[in-house]
Amino acid sequence: MKWLVLLWLVALSECIVIMPLTKTKTMREILREKNLLNNFLEEQANRMSDDSASDPKLSTHPLRNALDMAYVGNVTIGTPPKEFRVVFDTGSSDLWVPSIKCISPACHTHITFDHHKSSTFRLTRRPFRILYGSGMMNGVLAYDTVRIGNLVSTDQPFGLSLQQFGFDNAPFDGVLGLSYPSIAVPGTIPIFDKLKQQGAISEPIFAFYLSTHKENGSVLMLGGVDHSYHKGKLNWIPVSQTKSWLITVDRISMNGKVIGCEHGCEALVDTGTSLIHGPAGPVTNIQKFIHAMPYDSEYMVSCPVISILPPVIFTINGIDYSVPAEAYIQKISNSLCLSSFHGDNTDKWILGDVFLRLYFSVYDRGNNRIGLAPAV
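Note that the structure is a prediction, hence the values are computed from the model and not measured. (Residues numbered from 1 in each chain as written. Predicted model: local features only at pLDDT ≥ 70, side-chain atom pairs only at ≥ 80, totals over all residues. Heavy atoms only, no water.)

Chemist: Whenever I open this one, the sheet that holds strand β25 (residues 349-351) confuses me. Can you help?
Modeler: Pairing in this open sheet of five strands is mixed, and the strands run β13-β16-β25-β17-β24 from one edge to the other. Each of the sheet's edge strands pairs with one partner strand only, and the pair in question is β13 (246-249) and β24 (341-344). Within the sheet, the average angular offset between the axes of one strand and its neighbour, ignoring direction, is 30°. Two elements, β13 and strand β16 (residues 265-269), share four bridges in a ladder whose sense is antiparallel. Each residue of the ladder has a partner; that of Thr-248, found in β16, is Glu-266. Packing of helix α5 (residues 280-289) onto the sheet brings it into contact with β17 (276-279), β24 and β25, and relative to β24 it is tilted by some 150°. (Pairing = 2+ DSSP bridges. Helix = DSSP H or I, 4+ residues; strand = E, 2+ residues; numbered from the N terminus. Axes fitted to C-alpha atoms, helices over the stretch in contact; angles between N-to-C directions. Contact = heavy atoms within 4.5 Å.)

Chemist: Any chance you could explain the sheet that holds strand β22 (residues 329-331) here in plain terms?
Modeler: One key point about sheets: their strands pair by backbone hydrogen bonds, in either a parallel or an antiparallel sense. Taken together, the four strands give an open sheet; going across it, the order is β18-β19-β23-β22, and neighbouring strands pair in antiparallel fashion. Both edges of this open sheet fall to β18 (293-295) and β22, since each of them pairs with a single strand only. Here the strands of the sheet are splayed against their neighbours by 45° on average, with no regard to which way each runs. Here β22 pairs with strand β23 (residues 337-339) via three bridges, running antiparallel. By the bridge assignment for β23, Lys-331 is matched with Cys-337.

Chemist: Any chance you could explain the packing of aromatic side chains here in plain terms?
Modeler: Aromatic rings in a pair are described by how distant their centres are and how their planes are angled relative to each other. Inspection of the entire model under this criterion finds 19 aromatic pairs. Measuring from centroid to centroid gives 6.0 Å for Phe-208 and Tyr-363, while their planes differ by 90°, and the two rings are edge-to-face. One end of the pair, Phe-208, is in strand β10 (residues 205-209); the other, Tyr-363, is in strand β26 (residues 359-364), and 155 residues separate them in sequence. For the pair shown, Phe-208 and Tyr-363 are each scored as buried. Their ring planes at 80° and their centres at 5.9 Å tell us that Phe-314 and Phe-355 sit as a pair that is edge-to-face. Of this pair, Phe-314 sits in strand β20 (residues 312-316) while Phe-355 sits in helix α7 (residues 353-356), placing them 41 residues apart in sequence. (Phe/Tyr/Trp six-rings, centres within 6.5 Å; stacked < 30°, edge-to-face > 60°. Buried < 20%, exposed > 50% of the residue type's maximum accessible area, 1.4 Å probe, protein only.)

Chemist: Any chance you could explain the pattern of salt bridges here in plain terms?
Modeler: Pairing between side chains becomes possible if they bear opposite charge and their charged atoms approach one another. Inspection of the entire model under this criterion finds five salt bridges. Ionic pairing is found between Arg-122 and Asp-155, a salt bridge with its closest N-O pair at 3.0 Å. Of this pair, Arg-122 sits in strand β6 (residues 122-131) while Asp-155 is found in strand β8 (residues 151-165), placing the two residues 33 residues apart along the sequence. Residue class for Arg-122 comes out partly exposed when judged on its relative accessible area of 40%. What makes Asp-155 partly exposed here is its relative accessible area of 34%. For Arg-365, the salt bridge is made with Asp-193, and the minimal N-O distance between the two is 2.7 Å. Note that Arg-365 is positioned in the loop between β26 and β27 (369-374) and Asp-193 in helix α4 (residues 191-197), a separation of 172 residues in sequence. Like Arg-365, the residue Asp-193 is buried in the burial classification. A cluster of three or more residues bridged by salt bridges with shared partners is formed by Glu-266, Asp-347 and Lys-348. (Salt bridge = Lys/Arg side-chain N within 4 Å of Asp/Glu carboxyl O.)

Chemist: What is the right way to read unusual backbone geometry from this model?
Modeler: Of all residues except glycine, most have a negative phi; of all peptide bonds, most are trans. Across the junction of Thr-79 and Pro-80, the peptide omega takes the value 0°, indicating a cis bond. Along the chain, Pro-80 falls in the loop between β3 (71-77) and β4 (82-89). Unlike most non-glycine residues, Asp-155 shows phi in positive territory, near 50°. The residue Asn-255 is not glycine, and still its phi comes out positive at about 55°.

Chemist: Explain the state of the cysteines here, please?
Modeler: One covalent bond between the sulfur atoms of two cysteine residues makes up a disulfide. By the definition in use, this model includes three disulfides. The partner cysteine of Cys-102 in its disulfide is Cys-107, sulfur to sulfur 2.0 Å. The S-S bond linking Cys-102 to Cys-107 shows a torsion near 55°; that makes this disulfide right-handed. Residue class for Cys-102 comes out buried when judged on its relative accessible area of 6%. For Cys-107, a relative accessible area of 2% corresponds to the buried category. The partner cysteine of Cys-303 in its disulfide is Cys-337, sulfur to sulfur 2.2 Å. (Disulfide = S-S within 2.5 Å.)

Chemist: How should I be thinking about the pairing of β26 in this particular structure?
Modeler: Every other side chain in a regular strand lies on the same face of the sheet, so the side chains alternate between the two faces. Burial runs high along β26: six of the six residues are buried. Neither face of β26 is open: one carries Tyr-359, Ser-361 and Tyr-363, the other Phe-360, Val-362 and Asp-364, and all of them are buried. Relative to β26, β10 is paired through four bridges, and the arrangement is antiparallel. Pairing of Phe-208 across the sheet is with Ser-361, part of β26. When β26 meets β27, the two strands line up antiparallel, connected through six bridges. Bridge pairing links Tyr-363 to Ile-370 in β27. Hairpin connection, β26 to β27: the antiparallel pair is bridged by four residues, and Asn-368 has positive phi, about 50°.

Chemist: Got a minute to help me understand the nonpolar core in this structure?
Modeler: Ranked by internal contacts, the top residues of the largest apolar core, which has 76 residues, are Phe-88, Phe-314, Tyr-328 and Phe-355. Those residues within four positions of Tyr-328 in sequence are excluded, and the remaining contacts are Met-254, Ile-290, Leu-309, Pro-310, Pro-311, Val-312, Val-323, Leu-338, Ser-339, Ser-340, Phe-341 and Val-354. Grouped together as the second largest cluster of nonpolar side chains are 14 residues, Trp-96, Met-137, Leu-141 and Val-185 included. (Core = buried A, V, L, I, M, F, W, Y, C linked by side-chain atoms within 4.5 Å.)

Take it as geometry only, folks, not as evidence of what the structure does.
Take a look at the structure:
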């Protein structure tokens, strides 16, 4: 029996690739510290409006908010491999990094890819453009070998940015999307699908454990699940559509009172966003309920009230997922605390890292479902 257990553990370790992730400051936090947040938001609002109007072919991800990306890991591109720090993002499907030919100031402060130095690189003339909630990249489609840990995707399509806006203070070089192919740049295949296609992973499953307090300790699992990272059993939730990691939320409540999503709504489970985003109306109701006051572009909460505020309950597929006040209120200083709820002009919610630090999440492409369980 001992030998059987040992063999099972060895087989498990060979099937699952576990990538360490680092918890960094978000762009929002960096800009806030430099007193640049409000100026940035105003400039980006104007720029995004102008860019989207002038380029109807732009690939857009309107649910994304580049300001709030926080957990990053390393991948390599090319032969010999060049290392980049990327956000592993369930809210998008594309991989991109800055090109050495990028002319934007943001590229000068990040690692860039020199395609002349890779023997496996293949360039195309096809444009590669993505508009995020508060940023944009504009570049060209390319192909090369990409490595995630010991997983290798050969001839992987990815974007090389030649221009990018909104990423000047980003604690990462690029983005690696883990969503469905349907929202990828047309004609490309996301890296997770390519790895499955090439037989690099045994199961079309990946999972995230996002550490709460420590800078290190967070991980991405590819090809399987290490169940030591969660408590109890996984509760499985079907995706609303096989296009993105959207799920149906039954209701959102506090103290037994429904405060949002009264008749059901959709939420994107998004590792690339740190906050919880929702429609402006219900989020405003939450801010009033917790006595949050406008503070520049955010909402401030009196720090002492954290101990008496009720949790926000997301009821999903009949199960209550509690988000306590100490999770949804960020302590910036001894006297300044901010609400982690952010209102947007949308009818959907985004369950970002505030939620996902509490709940271990598994993304099952084979059965089109998400598994959630309390994180250890």
